[in-house]
Amino acid sequence: ELKVEQNPLFLSMQEGKNYTIYCNYSTTSDRLYWYRQDPGKSLESLFVLLSNGAVKQEGRLMASLDTKARLSTLHITAAVHDLSATYFCAVDIYTDKLIFGTGTRLQVFP
Amino acid sequence: EAQVTQNPRYLITVTGKKLTVTCSQNMNHEYMSWYRQDPGLGLRQIYYSMNVEVTDKGDVPEGYKVSRKEKRNFPLILESPSPNQTSLYFCASSYDSYEQYFGPGTRLTVT
């Protein structure tokens, strides 16, 4: 069974701290995506990782992909309240078929 | 403005009453998909389409139908809705499989 597992599922962190969200998947894939969802809103694309060793950064977020380990990470640096949201990773099995993780709900407090 | 639109945004209906949720994109994307989002389960793909008249089942297609007669539209049809189809539905489109653009969502309640 194809699985995409994220952990933690819930993350409460203080402003200014660093943390990493992990996304493990159980099948071969070299494409992985990270999305952000604010409460009551749609999904917003954050990162597209297309090859082993890919690393992308945007502001306080950095995503990486290790296809051999079937692992992607989303690292948060010096968290701010505006980063509070739910973050999803999704693995591309083949064209246009995505398997999503269950999401990590992040809350950043002062 | 490039976007994916869905209608209606909110719908309350009764068991067995056929309904259609429309999805339209103005980006000339070939790929379109439907997902449902349920608490604790993330997003699960219902159906997807790689081009006009080409559709295929996703992970949870039971109870749903789709059609792709035009490139821009990809309606989701529930012939006989049941309470277990109460969910938040998202349509998405992409030019290729690299990045999907999501619609605003349709919250459906079936009583």
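All figures in this text were calculated on a predicted structure; none of them were measured in a lab.

For the rest of this paragraph, the subject is the interface of chain A and chain B. Counting residues at the interface gives 21 residues for chain A, matched by 25 residues for chain B. Taking both sides of the interface into account, the surface hidden between chain A and chain B amounts to around 1,800 Å²; carbon and sulfur atoms contribute 50%. Summed over the shared surface of chain A and chain B, the result is zero salt bridges. In this assembly, chain A and chain B are joined by three residue pairs in polar contact (both at pLDDT 80 or more). Contributing elements (two or more residues each) for the side of chain A that touches chain B: β4 (32-37), β5 (43-49), β9 (85-94) and β10 (97-100) of chain A. Looking at the side of chain A that touches chain B element by element, the count peaks at four residues for β10(A).

For the structure on display, the rule yields six salt bridges over all chains. For D92(A), the salt bridge goes to R31(A), with nearest N and O atoms at 3.6 Å. Of this pair, D92(A) sits in strand β9 while R31(A) sits in the loop between β3 (19-25) and β4, placing them 61 residues apart in sequence. Each of K18(B), K65(B) and E79(B) takes part in one network of salt bridges that share partners.

What follows deals with the state of the cysteines. Residues and elements named next belong to chain B. Overall, the coordinates contain two disulfides over all chains when judged by the stated rule. Between the sulfur of C23 and that of C91 lies a disulfide, 1.8 Å long from S to S. As the torsion about the S-S bond is roughly -70 degrees, the C23-C91 disulfide counts as left-handed. On the criterion of sequence distance, the pair formed by C23 in strand β3 (residues 19-25) and C91 in strand β9 (residues 87-94) is long-range, its members being 68 residues apart. C91 matches C23 in its accessibility class, with the two residues each being buried.

Reading the values: rules and limits
- Residues numbered from 1 in each chain as written.
- Chains lettered and ligands numbered in written order.
- Predicted model: local features only at pLDDT ≥ 70, side-chain atom pairs only at ≥ 80, totals over all residues.
- Heavy atoms only, no water.
- Contact = heavy atoms within 4.5 Å.
- Buried area = accessible area lost by both parts, 1.4 Å probe.
- Salt bridge = Lys/Arg side-chain N within 4 Å of Asp/Glu carboxyl O.
- Polar contact = N/O pair within 3.5 Å; in protein donor to acceptor, adjacent residues only side chain to side chain.
- Helix = DSSP H or I, 4+ residues; strand = E, 2+ residues; numbered from the N terminus.
- Disulfide = S-S within 2.5 Å.
- Buried < 20%, exposed > 50% of the residue type's maximum accessible area, 1.4 Å probe, protein only.

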